[in-house]
Amino acid sequence: MSARVGVVTFPGTLDDQDAARAIRLSGAEAVPLWHADHDLKGVDAVFLPGGFSYGDYLRCGAISRFAPLMRELVPAAREGLPVLGTCNGFQILCEAHLLPGALTRNASLHYVCRDQRLRVESTGTPWTNSFEPGQEVVLPIKHGEGRYVADPETLAALEADNRVVMRYLGNPNGSLNDIAGIRNEAGNVVGLMPHPEHAVENLVGAPSTDGLGFFTSILKKLVNA
Amino acid sequence: MSTDSVKRAVETPAEPMPFAELGMKQEEYDRVKEILGRRPTGSELAIYSVMWSEHCSYKSSKVHLRQFATKAPKSDALLVGMGENAGVVDIGDGWAATFKIESHNHPSYVEPHQGAATGVGGIVRDIMSMGARPIAVMDALRFGGADQNDTRRVLPGVVEGISSYGNCLGLPNIGGELVFDPCYIGNPLVNALCVGLLRKDQIKLATAPGPGNKVVLFGASTGPDGIGGASVLASATFEDESHAKRPAVQVGDPFMEKLLIECCLELYAADVVVGIQDLGAAGVSCATTELAAKGTGGMHVDLNLVPLRDHSLRPEEILMSESQERMMAVVRPSDISAFMAICQKWDVPATVIGEVTDTGRLVMTWDGETIVDIPPGTAADDGPVYERPFHEPAGQSALNADTPDRLDRPADLRATLLELLGSPNLASKEWVTSQYDRYVRSNTVLAQPADAGMLRISEIMAGAEPTTRGIALATDGNGRYARLDPYAGAQLALAEAYRNVAVTGARPLAVTNCLNFGSPEDPEVMWQFAEAVRGLADACRTLGVPVTGGNVSFYNQTGSTPIHPTPVVGVLGVIDDVAKRVATGFVAEGLRIALLGETKDEFGGSEWAHVAHGHLGGLPPEADLAAEQAMATVLVEAAALGLLEGSHDLSDGGLAIALAESCLARGIGATVALSGDAFTDLFSESSARVLVAIRPEAFDRFAALCVDHEVPCYGLGTTGGTSLVVEGVLEVPVAELRETHSGTLPALFG
């Protein structure tokens, strides 16, 4: 039985095709999930892709949080369903309080698209178990609001519990502690500003295939489960 | 205010109408009266004034643009030519590409962010209306001097507008141009290109056939934005009080546009659309008259049904509003419920506002009264056509006689290289392009700073048949060359875009163009325009690439000073196996470097003359189209055979800049030797030249290919090391090249 990974499309989601393709390339089945449905279709894990859901004219992710599908996803995530949110997906996970902190306007005040060097800090998640702790990777970033902020207590707790999943090498947006991604306490919910789905093929996207590790990680986790 | 109905127009024939305020000339107004046999109503006047504006009717350019058709080369690839929303070309395996470039110059000066954003939105809807999925955008931008104050206002706003709109839409931005010249200070050029993909048998056209079919307006509601944009902004020269025109710039909502894209694609897939037209310049006026004129010929519209976001709008304003993110479709009555269900799924408001008739008249009502009753073709197709007088500018011969031969040539070529490399026109564009998403949808094979953008096509649409093909696109233009000789300048723009496509391994197939000029009412500007069109049409015929569509932007001038004539040319090419694309620059150590083409002493209009001396005079480089064609053949064949590791076109700044950029691509140095005069070899801008990097064992096969096609091929040296070394002339560490190249724009714009 193949692993089934849901890919959520909100109005304004942009990287859903990319995420589905990366999931298929890793050998799993990509299952489209529609924002307006109260249905997770029995998937084994969920990928919340990037984009500008509902236009993001309000705070990024603030409206998506209330989508019918999120009413199913939030409790499932609290019960252990593996969830990865990238970019707008990360912002939505923070707005839904599945992850702490918030993503604010880049310090440069400009949108930035570039191939970013990063370090994998936490490999104890279903999405990062294929990496070595401390492994350096290159993934694209592309966002205007990716500056991770949280209060000092939250930051201290994230660091103490090894819940920082990835850190920037050369901070592109002013994120506190160079944080590019975090996980929840249980480890099943991960949020990242970088885009692993754009670094899975030699022909297209970033000059790196380091993104594949996220997809092989979840496949390994689900197949071994 | 009472409604000016047809009945009232008949009863009050002498009532004065504000045609001059709407940009209409007396003789044009007289013709409307002649067509209608009475004075027009206010609503009819609104329609004719926008449809007969320069922007919509091409009244000054039409007589020249005809050459693109009469001189068009025979091409099996052309599926839809000029006159539709965008041209469509056959790219093989059942696939077609549609592409077009369009200006949004004047709005971008008045309100840079929204002007540029809605420029992207408009061209994307043109592509959607052909039945295609838009797959990428590019932007050719020109601003005043980089250090001029107003450039600091306009450039960041334009870039932010393109960034916020294009990124939110989910279309990769894969290339374009960024040029600074004081001639553009009051008239920045914002030319936006979009390319879309569709199955060859699924082309949609702007037509309203079949009496009884419903006319559906869908997308955003109609507001007071952009009223009169087409006639007021695009068709008039700026005077000092131009800021008073601010309300005429439209405001964009990229989220609605993203919904419209997905909604339209689902409507096409469900086959519930008979004809479709986007609402751009001239809004409802344009969509209704054009759809009706190309269909059965008649249409009835109840303007009260148009959804409004400002309920105080009068019918004249509804007709002229340029509110963004709107489309108009013609739908069979039996398909209406399926159509509406798809719109509802995507949260796209849709309203039936009328139906197709066989009366031959476009009739509109408001509060039960007939306010428009016209033959639609008279507004859409039979606008005025002007044979504007033209003559060579008074100072043209003196300009051509003032050659760069009198300029002092430098002794320190290392300093010259760094001076040019750090100058705004040649410096890294990353400050701009890093604000654009180039990765979304994961089909981007090449993006800036590559010579051309390239996309694979097999993975673009769900259920697509497997194909190895890809498409490549480049845009180029050089206002200084065109100022010195508009005929040659237009040809050089085409030659460069054609070459930029070929260096990636793609075969150039078709052309789009955006012709940016001053006022057509100035005979000297009109001469520049006529010469440029003639040059471009002749070159397209020689190179075998037809013009598929484009756009003319006149009145780019402040007072009596026009911009440099600036034809911007986009070329689309196809590569049979996208995996065989050639990267830009030096991609590995130990490769042989060769220069293709001949270098002559050509500095007229060059970047060196501009940067080092602020000089513009003489003649531009010779456009050698036969050499371009032979070289493209070699490049495409060599790429298919896997002989090329890297390549780079030579253009502004000549060989020196091409070498430096090639080193910067991957941070790999090079050592080369020159045989002639070092300054000429390094900085001349002779056209039809390309730099290639080849594995040593493949060099002889490549050289033989060049001999077969009579393309000059000179071995220059090898790649490797950490510096760019020109033996006996200069040596610069790649790190120093990088610092010089990357620091300029951030220092200027923050």
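Cut-offs applied
- For every chain, the first residue of the written sequence is number 1, and numbering continues from 1 along that sequence.
- All chains are assigned letters beginning at A, and all ligands numbers beginning at 1, according to the order in which they are written.
- Local features are withheld for residues below a pLDDT of 70 in this predicted model, meaning they are given only at 70 or higher, and side-chain atom pairs are given and counted only at 80 or more; totals for whole chains, interfaces and linings count all residues.
- A run of H or I in DSSP counts as a helix once it spans at least four residues, and a run of E counts as a strand once it spans at least two, with each numbered from the N terminus.
- Based on C-alpha atoms, the radius of gyration is set beside the globule rule, defined as 2.2 Å times the residue count to the power 0.38.
- Note on burial: count the other C-beta atoms lying within 10 Å of the residue's C-beta; 20 or more is buried, 12 or fewer is exposed, in between is partly exposed, and C-beta positions come from the backbone.
- For every residue pair, C-beta atoms are placed from the backbone, and the pair is scored as a contact if these atoms sit within 7 Å.
- Note: two strands are recorded as paired if DSSP finds a minimum of 2 bridges between them.
- A fitted line through C-alpha atoms represents every axis, and for helices the fit uses only the stretch in contact; the resulting angles, taken between N-to-C directions, go from 0 to 180 degrees.
- Each residue receives one of three labels: charged for Asp, Glu, Lys and Arg, nonpolar for Ala, Val, Leu, Ile, Met, Phe, Trp, Tyr, Cys and Pro, and polar for the others, Gly being one of them.
- Values of pLDDT, the confidence the predictor places in each residue, fall between 0 and 100.
- Remark: nonpolar core denotes a set of buried Ala, Val, Leu, Ile, Met, Phe, Trp, Tyr and Cys residues whose joining runs through C-beta atoms within 7 Å.
- Consider the strands pointing away from the viewer: the crossover is right-handed when the path from the first strand over the helix to the second runs clockwise.
- Here the angle decides the label: under 35 degrees means roughly parallel, over 145 means roughly antiparallel, 65 to 115 means roughly perpendicular, and every other value means oblique.
- For any helix crossing, the convention is left-handed if the near helix is rotated counterclockwise from the far helix by under a right angle, and right-handed if that rotation is clockwise.

A.B. asks: Describe in detail the overall build of chain B, supporting the description with residues and values.
C.D. replies: Helix and strand counts for chain B come out as 26 helices and 29 strands. Here the C-alpha radius of gyration of chain B, 26 Å, is about what a compact globule of 750 residues would show, namely 27 Å. Principal axes of the C-alpha set define a box for chain B whose edges measure 85 × 60 × 45 Å. The buried share of chain B, taken over its 750 residues, is 63%. Restricting the contact set of chain B to residue pairs at least 6 apart, pairs at least 24 apart contribute 85%.

A.B. asks: Describe the overall build of chain A, naming the residues involved and giving the relevant values.
C.D. replies: Looking only at helices and strands, chain A has five helices and eleven strands in total. Radius of gyration (C-alpha) of chain A: 16 Å, near the 17 Å computed for a compact globule of 225 residues. Taken along its principal axes, the extent of the C-alpha atoms in chain A is 45 × 35 × 35 Å. Within chain A, the proportion of its 225 residues that are buried is 56%. In chain A, 75% of the contacts between residues at least 6 apart in sequence involve partners at least 24 apart.

A.B. asks: Any details on the sheet that holds strand β6 (residues 189–199) of chain B? Residues and values, ideally.
C.D. replies: All names here are of chain B. Strand order in the open sheet formed by six strands is β1-β2-β3-β6-β4-β5, with mixed pairing between adjacent strands. Lying at the two open borders of the sheet, with one neighbouring strand each, are β1 (78–80) and β5 (173–180). Each adjacent strand pair in this sheet contributes to an overall mean axis angle of 25 degrees, direction not counted. Sheet analysis places strand β3 (residues 95–103) next to β6, joined by nine bridges and oriented antiparallel. Note on β6: the bridge partner recorded for S103 is N191.

A.B. asks: An account of the interface of chain B and chain A is requested, with residue identities and associated values reported.
C.D. replies: Accessible area lost upon the coming together of the parts serves often as the stated size of an interface. Contact with chain B, which involves 25 residues of that partner, is made by 24 residues of chain A. In the side of chain B that touches chain A, the residues fall into ten nonpolar, eight polar and seven charged.

A.B. asks: Explain the confidence of the model for chain B residue by residue, including any values.
C.D. replies: Low-pLDDT portions of the prediction should not be read for the details of their coordinates. Scored by pLDDT, chain B has a mean of 93; 97% of the residues are at 70 or more. Among the scores for the predicted complex, ipTM is 0.96 and pTM is 0.95.

A.B. asks: I'd like to hear about the sheet that holds strand β17 (residues 507–516) of chain B, residue by residue, with values.
C.D. replies: Residues and elements named next belong to chain B. Spatial strand order, β14-β15-β16-β21-β17-β18: six strands in an open sheet with mixed pairing. Strands with a single pairing partner mark the edges of an open sheet, and in this sheet they are β14 (444–446) and β18 (547–553). Direction aside, the axes of adjacent strands within the sheet are offset by 20 degrees on average. With four bridges connecting them, strand β15 (residues 453–456) and strand β16 (residues 470–476) associate as antiparallel partners. The residue bridging M454 from the neighbouring strand is A472, located in β16.

A.B. asks: Explain the environment of B:L674 to me, and be specific about the residues and the numbers.
C.D. replies: Residues and elements named next belong to chain B. Here L674 shows up in the loop between β25 (670–672) and α24 (678–683). C-beta crowding within 10 Å serves as the criterion here: with 20 such atoms nearby, L674 is assigned to the buried category. Residues L674 and T599, 75 residues apart in the sequence, show an inter-C-alpha distance of 11 Å. Apart from the residues lying within four places of it in its own chain, the contact partners of L674 are D681, V726 and V729.

A.B. asks: Can you break down unusual backbone geometry residue by residue, with the values?
C.D. replies: Residues and elements named next belong to chain B. Along the chain, Q448 connects to P449 via a cis peptide bond; the corresponding omega equals 5 degrees. If you trace the backbone, P449 turns up in the loop between β14 and β15. Its identity as a non-glycine residue notwithstanding, D93 has a phi of 55 degrees, on the positive side. Position of D93 relative to the elements: it lies in the loop between β2 (87–92) and β3. The class for D93 is partly exposed, based on 17 C-beta atoms found within 10 Å. The residue A688 is not glycine, and still its phi comes out positive at about 55 degrees. For A688, the location among the structural elements is in the loop between α24 and β26 (690–694).

A.B. asks: I'd like a description of the nonpolar core, backed by residues and values.
C.D. replies: Most often, soluble globular proteins keep nonpolar side chains buried together rather than apart. A:V5, B:V89, B:I471 and B:L494 are the most contacted members of the largest nonpolar core, which has 326 residues in total. Sequence-distant contacts of B:V89, that is, excluding residues within four places in its chain, are made with B:A77, B:L78, B:L79, B:A96, B:A97, B:L509, B:A510, B:T548 and B:L572.

A.B. asks: Now, about the environment of B:D335: what can you tell me, with residues and values included?
C.D. replies: Residue and element names in this part refer to chain B. Positionally, D335 belongs in the loop between β10 (326–331) and α13 (336–345). Given 18 C-beta atoms within 10 Å, D335 falls into the partly exposed group. Along the backbone, D335 and D271 are 64 residues apart, and their C-alpha atoms lie at a distance of 8.8 Å.

A.B. asks: Please give an account of the environment of B:R541 that cites residues and values.
C.D. replies: Residue and element names in this part refer to chain B. Tracing the backbone through its elements, the reader meets R541 in helix α20 (residues 523–543). The spatial distance from the C-alpha of R541 to the C-alpha of Y481 is 21 Å, given a sequence separation of 60 residues. Not counting the four nearest positions on each side in its chain, R541 is found in contact with K71 and P73.

A.B. asks: Explain the pairing of strand β4 (residues 133–143) of chain B residue by residue, including any values.
C.D. replies: All names here are of chain B. Here β4 lies mainly inside the structure; ten of its eleven residues are buried. Relative to β6, β4 runs antiparallel, the two being bridged by nine bridges. Across the sheet, the residue bridging to R133 is L197, located in β6. Relative to β5, β4 runs parallel, the two being bridged by six bridges. Paired with F143 across the strands is F180, a residue of β5. Of the crossover connections in this fold, the one passing from β4 over helix α8 (residues 149–169) to the parallel β5 is right-handed.

A.B. asks: Now, about helix α3 (residues 42–51) of chain B: what can you tell me, with residues and values included?
C.D. replies: Within α3(B), ten of the ten residues are buried, which leaves it mostly tucked inside the rest of the structure. All buried positions along α3(B) are accounted for by B:G42, B:S43, B:E44, B:L45, B:A46, B:I47, B:Y48, B:S49, B:V50 and B:M51.

A.B. asks: Please give an account of the packing of helix α16 (residues 413–421) of chain B against helix α23 (residues 654–666) of chain B that cites residues and values.
C.D. replies: All names here are of chain B. The N-to-C vectors of α16 and α23 enclose an angle of 70 degrees; their axes lie 10 Å apart at closest approach. When the axes of α16 and α23 are compared, the pair comes out roughly perpendicular. Both α16 and α23 take part in a crossing whose hand is right-handed. Between α16 and α23, the residues in contact are L417, L420 and L421 and A656, I657 and A660, respectively. Here the residues of the contact of α16 with α23 sort into six nonpolar, no polar and no charged.

A.B. asks: Hey, could you go over the packing of helix α5 (residues 62–70) of chain B against α20(B) for me, with residue numbers and the actual values?
C.D. replies: All names here are of chain B. For the pair α5 and α20, interaxial distance at closest approach is 9 Å and the crossing angle is 5 degrees. Classified by the angle between their axes, α5 and α20 sit roughly parallel to one another. Residues H64, L65, Q67 and F68 of α5 form the contact with α20, whose participating residues are F529, A530, V533, R534 and A537. Residue composition of the contact of α5 with α20, by class: six nonpolar, two polar and one charged.

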